[in-house]
Each structure stands twice: as structure tokens, then as C-alpha cells.
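Overview (structure and organization)
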Amino acid sequence: MNRSIRKVAIIGSGVMGSRIACHFAGIGVQVLLLDIVPRALTDAETAKGLTLASKQVRNRIVNDALQATLKSKPSAVYTRSVAARVTTGNIDDDLHRIADCDWIMEVVIERLDIKQQLFEKIEQYRKPGTLISSNTSGIPIRLMNEGRSEDFCRHFCGTHFFNPPRYLRLLEIIPGPDTKPEVIDFLSDYGSRHLGKSTVVCKDTPAFIANRVGVFGFMAVFKAMQDLDLNIDEVDSLTGTIMGRPKSATFRTGDVVGLDTLVMVAKNLPANVPDDEAKDIFTVPPFIDTMLANKWLGDKTGQGFYKKVKGEKKEILTLNLKTMEYGPKVKTKFATIEAAKPIDDLKQRLVALYSGGDKAGAFYRQFHHLLFAYISNRIPEISDELYKIDDALKAGFGWEIGAFESWDALGVKRVLGKMKEAGMQVAPWIDEMLAAGITTFYKTENGKKLYYDQQSKSYKPVPGSGSFIILEQLSDNVVWKNSACKLYDIGDGIAAFSWNSKMNTIGGEVLDGMQKAVAKAEEQFHGLVLANSGANFSAGANVGLIFMYAVEQEYDELDLAVRMFQASTMRLRYSSIPVVVAPHGLTLGGGCEICLHADAVQAAAESYIGLVEVGVGLIPGGGGSKEMAVRAGDRNIKEDIEVNYLQQLFINVGTAKVSTSAHEAFENHVLRPGHDGISVNVDRRIADAKRKALLLWEQGYTQPAPRTDIKVQGRGGMGGLLAGVHGMWRGNYISDHDRLIAEKLAHVMCGGDLTAASVVSEQYLLDLEREAFLSLCGQKKTLERLQSILTTGKPLRN
């Protein structure tokens, strides 16, 4: 059966239900969102003369939930406009409308009896063959099947989304005993391709995969913390980004998730898996019981492990687990952490952390030993394939590196010896694997990632990896490189250029590499893709280099650096082969300018793109200001709109506006309809960009000619822009320096001091841009802003 998903029904509009609905709407699917009918009127409804029969009342729960989701931060939607695709209703009046839905998903309270009652009602209206699933986090799928028809059972499974579903990429798919294999195959592919998920097919075991191991990880931290007499601030300094975990680390994450949620899983597991060798670790520590009794559950109750105190100055207090009183955060310092901080490579950093000789090193050893022993014994109980455990932890809990991947990084044989010295027991298959001469859980061959399969005792390809292009796995395909950059052959006549610096910032070596990559691609390939690994595409130009030149008043060097950046982006624009950029995460300043000059952009949905130079006291100097003038001129010519579009672009650049998604980047005129595209799954963006580059070549790509026909507004357009700037300045909304920056930007975007609208060349605009950029570099206020960015990471408002 050739399935497509045009409309979904989400039944249950709570925190998860409404967010799942918005995620579907965000990818273009029509959504029917239903919830129960209220049992009583609110005071406001009574005052309006409404009754329980009023539609406004009957849909109050679902409508309030949807509105709360649309207002939530971080945003649950790519753009606010997606709400138009969500139709709301209630179960009593509107359940019949599920008959024309392609997928029905139950997202109600975690009680088997309530779910079963709802499924009985759903069967009255669901048409045969329609997909049906439950967003349960742990109720056995086989129990939900009881009493249902054969067709229901054949098309039913668990679909466990993680909150918030827009940002956490894990989708656990749990087949029931009668689920058709093709249903699981379809949902796995749909989840990956359309919903942007890392789909993991799980066994129907308690807590499935991610929560089973992830919550064990929390409890292992609690145990190590108590054994080593560490406090909350110390543990969070050890378990955050330094070891490849989210910035929220352990206890801040606990406050976000909710202590009651963590405890529910921790308490249920020993009862549901009595043979779990580590069930004693799931015993809740006494301080947790006290917190539960006090209703210190985290963000939902206003305090948990941390407590925000409002006053003259907002302060975050930390709970002392010995006195159970809140106090100021304690500054922490460990020699192991200080030694590991300069190490950029996470795998090498983990080795340094594990080898530490202080209390921090002891913590890392104990935690990893507990974790490794546990995951070894979960094969094959919760998964036959070890890569699924890693995928679930990375996508569901935000780990940069999976548990088995971590073990590989630390050395399987070496760590196993340490574990045995500490009296830790691992599953027998680990010893058998090492005895057979296999020393790693993963390896790469011919650009493909393989995992060790415990059943066949051999390596197998990680399924689905053929849909992704992972540059790090293509070390044998490097065509050219320098210390910062690499050019890869990614097949079918397409090359890929990437660079690796802190936050993937762009300096002279990257720009030199970019120009060489274009030249080599023109000689040997049909197209070029620009893409980076890590959390972000690029945080922009190397601010430290700009600051150094400006402070030393090395204006010739600064002029040369700006010229080089402009030449590099123009080289992308006027190459003889198509250039496609595949950004993700932060794509700021110079990173955005690279996108603006490509033939096409294939952005990950979670791309945060914008020209932010104004925030550091400058204007875009790598062709960004010029490009905004070009786009304004092209739009004016085609639509005969003289200034309105120019004003929109000026405001976006002048306020350093950053799009909160790739979808919003279209609304902000950074991405172009008809040229650029979106990959909802970040792992697919490079493969999608490759296809786009190949298509452009096959369609007969022709090298564009430098532009000499750009319409600019001159003084007429500048007057309108500067009038707005003056009003903001007079109203004390912007500083004197902000006004100066805005005047420089307007000067460039309107083509300079021209008496009337004129036609100019790109080079003319680039010269104006460079002149304005250099003049701002000499300003004291700009230097103060640059220094603030370098020292605090935050722009100074001066």
C-alpha cells in the first residue's frame, strides 16, 4: 500500500499532544486536535452567560492548550502561521471527524484503562487500514491491544515522542504483537524523512530504550554523587557540555523534566523488571522523598534542585542536599576539568576526564563503569542491536556521544580491566567479543558506519545510514585539506567543503581554503556543497582577529581581510559549477553571508540564520550588506515597490534579527522561495544538498555574469530610512553609536550619496560596504563591543 499522510488526528491536547500537533502542522500536515469537554464553567464563562452546551466552552480545554503551546518558549512551532493548519474540537462532538484522517494518535494520560476506553470509541469511526498509535512512555503495547479488532491491532503500535518534540529528535516506535511489519517500516521512514526524527524501533519492554537507560544514568549520577560526597553545583559542572551532555547537565535537566516524572520511571522499573541486576540503583535517595513531600518538583512548581529568587537582582539558588535548604550557587573547580577544557575533540576530552587523578576523575570512572555494565546487560533484553541504545540516548537525552561510542573512545579493553578491578560485572558477550579479537563496538569501512552485532558476532552496517552523508566517515575521500578545512568527494561528481574551528568561525585559513575548494571543484566536479559538522554551521567571522587588527590600528591588514572575505563570497556566487550550502544550527554573520551568495541553500529546519554584525558595532562586511541592496533592487524592479521591501531588509539587518527556524528565514527574506529548501531531518541535509547541486548541473547550469544592473534608491530611499533611525534615537531606543551604525548601513543599502535612483554594479556596493565596515572598526564604541563579545560572550549595549 502506497501511504501518504495528509491529515492526522491527535487526541489529547496536553503538553505533549498540542506540541506534537504543532510539529505535524509545521511540516505542512493538516491536524485535528481533540480533547475532553469541561465539566464546569469558569467564572469568566458564567459572567458571559455561556453554558456547558456552548461550543466555546466545550472546546475550551483544547483551545487553551493550543494557545499555551503557541506562546511557549522555546517556541514549539517553526512559525506562528502553522497554527492555521490545526483544527480543534472535542471528543464528544468531533470524534467522528477522525474518519478522514490517515494517522490517529492517542496522547492522553498514562492510564491503561482510560486509553482502552478511548480506543473503543475510536474503533467506531476509524476506517480500516488507518494508522493508529499511542504516545505512551512505558505502558506495554500488548495490553492496549486487548479487545480491539484484528485490523486495529495490525495497524497499531506505540509512537513515543520526547518533549519538546520540535527539538528532541527521538521517536521510539514500539510494535505490538500483531503489528504489520510494513506499518513499522512506513512509520520509521516517515518519522525520519518528514518529521526529522531519529527513529528507533524498540522492543515492548518497560520504559522501552531511552528512558530505561537514560533514567538509569540519572540514578547512577545520584549514587556516584553520594559515594564521593559531591554537591549539586559540582555534579552539574561535571555532567554538562564538558562531557558531551546538554548544558542543563543533570539537576537542571531534572528541574525541566520534573522530579515526579523521573521518580515515576525510577520507582516503576524495579517492580516491572525484577531480574534487572542493577535494580537497587533505582532506589530513590532520601533527599528525593523529601523534595517530593515538599512538592519541590522543578520548574512546574517554581523550585526543585534550583530555585529562582526575584528581587532587586534575580538570583538562582541551589539546594543543599544535606540541610535541604537553598543557598547561593557554589563555584566549583577541579584540576581534571581545567585540563580537559582546552581539548576540542570530545572523544579525546573524555579520555582526559576519565583519567583524572582528583575527585572529578573518580566521578567519571564510577559513572562510566556503572553505565557500561548496565548497557552491556541490556543486550539483547531491550534491543538486539547496540546502536539503537546509542541513537536513543543521543536523540532523546541530547547526548553528543552514545554510551557504546563513549566506551569505544575510552578503550573497551582498557576500561573493562578497570571495571573488573572495581568489582563490576559485565555481560559475557563483552569478554567473548574481545577474545575474538574485536576491540571496538563500531568501525568505519568505505565511508559506512558498522556496528558489532552480538548475535552474529560480526560487524553489520548501521541501517538507514545510506540516507545520510557523514563527512567524518569519509576520511578516504579527502581530495584536499589544510589545517582548518577539507574537501571531500561525496560521489556522483559532487564535492563537499567543510571547516573545523571553534564554533566553526571563519578566519583567513578558512577563506583561503574556500577559494581553493571552489577552484578544485571547478576542475574535477560538477557541483560543490558547503556543510559543517558539530552543533552549528558557523558563528560567523573570527571576531578576535577583527578586534586585534582594530586595536593595533592595522587598517591595511583589516582592509585585506575584508577584501578576502568579499572575494570568497563572490567566488561562490560566480563559480562555473553550482554551489549549495547546507547550514544547521547557528548560521550567523559570515555564515549567513556564505548562504546569501550560494546558488541554493538546503537548510536544516533548526537553522538560526541572520546578519548579526550590528550587535558588535559593525555592519555585514562579507557581502551581506551588498546582497541586501541587490535583493531590494531586484524586488523593486520586478514588483515596482520602491522602498517598502528595502525598509524590511534594512530593519532586519539593523536589528541583527536572527530567524528562529529555516521556515522563518523565508519570512525574513534570507532564504528564497523557489531556490532554497528545508531538510526537517538535520542528518539528511548534506545528502539533500548534494541532490540539489546535481540537479542544477543536470539542468544545464551556466556560470552567472557579474552584476552591473542593480537598482539603488540613493538619497530618496536613504531619507526614509534615516527618518526612522532618527525617531528611534530621539526616543532613546537606540544609542548614539547605534545611530551611526544604522546611518552607515543605510548609506550602503541605498547605494551611497546619489541624487536619484540609479543603476550600479556589485563591485561598487562592495566598495561602499568595505569602506563603511573599516570606518566603524576605528570607533571606540565598536572596540568596546568586540571586547565584550570576546570576554563575556555577550554584546555590550553602548
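See the structure shown above.
Computed from a predicted structure; not experimentally measured.

As a further point, take the overall build of the protein. The secondary structure content of the protein amounts to 33 helices and 25 strands. In terms of overall size, the protein behaves like a compact globule, its C-alpha atoms giving a radius of gyration of 28 Å where 798 residues would be expected to give roughly 28 Å. Expressed as lengths along the three principal axes of its C-alpha atoms, the size of the protein is roughly 80 × 70 × 60 Å. Here the protein holds 798 residues, and the buried ones make up 54% of them. Long-range pairs, those at least 24 residues apart, make up 70% of the contacts in the protein between residues at least 6 apart in sequence. Working note: accessible area of the protein is about 34,200 Å², and carbon and sulfur atoms make up 52% of it.

As a further point, take the environment of Asp453. Inspection of the secondary structure puts Asp453 in strand E13 (residues 448-453). Look at Asp453 and you get buried, because its relative accessible area is 3%. When the C-alpha positions of Asp453 and Lys516 are compared, they lie 42 Å apart, and in sequence the two are 63 residues distant. Sequence-distant contacts of Asp453, that is, excluding residues within four places in its chain, are made with Asp384, Ser458 and Lys460.

Okay, the packing of helix H10 (residues 210-228) against helix H17 (residues 359-377) next. Orientation of H10 relative to H17, taken along the N-to-C sense of each, is 145 degrees, at an axis distance of 9 Å. Where H10 crosses over H17, the two elements pack in a sense that is right-handed. The residues of H17 that touch H10, namely those facing Arg212, Val213, Phe216, Gly217, Ala220, Val221, Lys223, Ala224, Asp227 and Leu228, are Lys359, Ala362, Phe363, Gln366, Phe367, Leu370, Leu371, Tyr374 and Ile375. Residues that form the contact of H10 with H17 fall into these classes: 13 nonpolar, two polar and four charged.

There is a patch of like negative charges on the surface, built from Glu552, Glu554, Asp556 and Glu557. Relative to the elements of secondary structure, Glu557 occurs in helix H24 (residues 555-573).

The end-to-end C-alpha separation of helix H22 (residues 508-524) is 24 Å, in line with the 24 Å expected for 17 residues at 1.5 Å each. Where H22 is concerned, the buried positions are Val510, Leu511, Gly513, Met514, Ala517, Val518 and Ala521. With its buried residues spanning 160 degrees around the axis, H22 presents them on a single face. In this structure, the buried residues of H22 make contact with strand E15 (478-481), strand E16 (485-489), strand E17 (494-499), strand E18 (527-530), H24 and helix H25 (590-596).

The next point concerns the packing of aromatic side chains. One pass over the structure, following the stated rule, counts 27 aromatic pairs. Geometrically, the ring pair formed by Trp499 and Phe537 is edge-to-face, given 5.4 Å between the ring centres and 65 degrees between the ring planes. Linking Trp499 in strand E17 with Phe537 in the loop between E18 and helix H23 (543-551), this pair joins segments that are 38 residues apart in sequence. For the pair formed by Trp499 and Phe537, the shared burial category is buried.

What follows concerns the sheet that holds strand E10 (residues 315-320). Within the open sheet, the three strands sit side by side as E9-E10-E11. Their pairing is antiparallel. Two strands bound the open sheet, and with one partner strand each, they are strand E9 (306-309) and strand E11 (325-328). Strand-to-strand twist of the sheet, defined as the mean angle between neighbouring strand axes without regard to direction, takes the value 40 degrees. Note that E10 and E11 share four bridges and pair antiparallel. Along E11, the bridge assignment pairs Asn320 with Glu325.

Okay, the pattern of salt bridges next. Using the criterion set out here, one finds 53 salt bridges in the structure. With a closest N to O distance of 3.0 Å, Arg193 and Asp189 form a salt bridge. Taken together, the residues Arg193 and Asp189, both in helix H9 (residues 181-193) and four residues apart, mark about one turn of the helix. In this structure Asp189 comes out as partly exposed when scored by relative accessible area, which is 34%.

Our focus in this paragraph is unusual backbone geometry. The omega torsion of the bond from Asn163 to Pro164 falls at 0 degrees, within 30 degrees of zero and hence cis. Checked against the element boundaries, Pro164 lands in the loop between strand E6 (156-161) and strand E7 (170-175). Geometrically, the link from Ile379 to Pro380 is a cis peptide bond, its omega value of 5 degrees lying close to zero. You can see Pro380 is positioned in the loop between H17 and helix H18 (386-397). Even without glycine at this site, Lys457 takes up a positive phi of about 60 degrees. Along the chain, Lys457 falls in the loop between E13 and strand E14 (458-461). Despite not being glycine, Asn504 has its phi angle at roughly 50 degrees, a positive value. Note that Asn504 resides in the loop between E17 and H22.

The next subject is the sheet that holds E14. Pairing in this open sheet of three strands is antiparallel, and the strands run E12-E13-E14 from one edge to the other. Two strands in the sheet have a free side with no partner beyond their single neighbour: strand E12 (442-445) and E14. With strand direction ignored, the average angle separating the axes of adjacent strands in the sheet is 40 degrees. Pairing between E13 and E14: four bridges, direction antiparallel. Within E14, the position partnered with Tyr452 by the bridge is Tyr459. Seen against the sheet, H18 touches E12 and E13 and runs at an angle of roughly 120 degrees to E13.

So, how was this worked out
- Residues numbered from 1 in each chain as written.
- Predicted model: local features only at pLDDT ≥ 70, side-chain atom pairs only at ≥ 80, totals over all residues.
- Heavy atoms only, no water.
- Helix = DSSP H or I, 4+ residues; strand = E, 2+ residues; numbered from the N terminus.
- Rg over C-alpha atoms; globule rule 2.2 N^0.38 Å.
- Buried < 20%, exposed > 50% of the residue type's maximum accessible area, 1.4 Å probe, protein only.
- Contact = heavy atoms within 4.5 Å.
- Areas by Shrake-Rupley, 256 points an atom, 1.4 Å probe, with all protein chains shown as cover.
- Axes fitted to C-alpha atoms, helices over the stretch in contact; angles between N-to-C directions.
- Left-handed = near helix turned anticlockwise from the far one by under 90°.
- Nonpolar A, V, L, I, M, F, W, Y, C, P; charged D, E, K, R; others polar.
- Patch = residues over 30% accessible without salt bridge, like charges linked within 9 Å, V, L, I, M, F, W, Y side chains within 5 Å.
- Salt bridge = Lys/Arg side-chain N within 4 Å of Asp/Glu carboxyl O.
- Lys, Arg positive; Asp, Glu negative; His and termini not counted.
- Charge placed at Lys NZ, Arg CZ, Asp CG, Glu CD.
- Expected span 1.5 Å × (residues − 1).
- Arc of directions from axis to C-beta.
- Phe/Tyr/Trp six-rings, centres within 6.5 Å; stacked < 30°, edge-to-face > 60°.
- Pairing = 2+ DSSP bridges.

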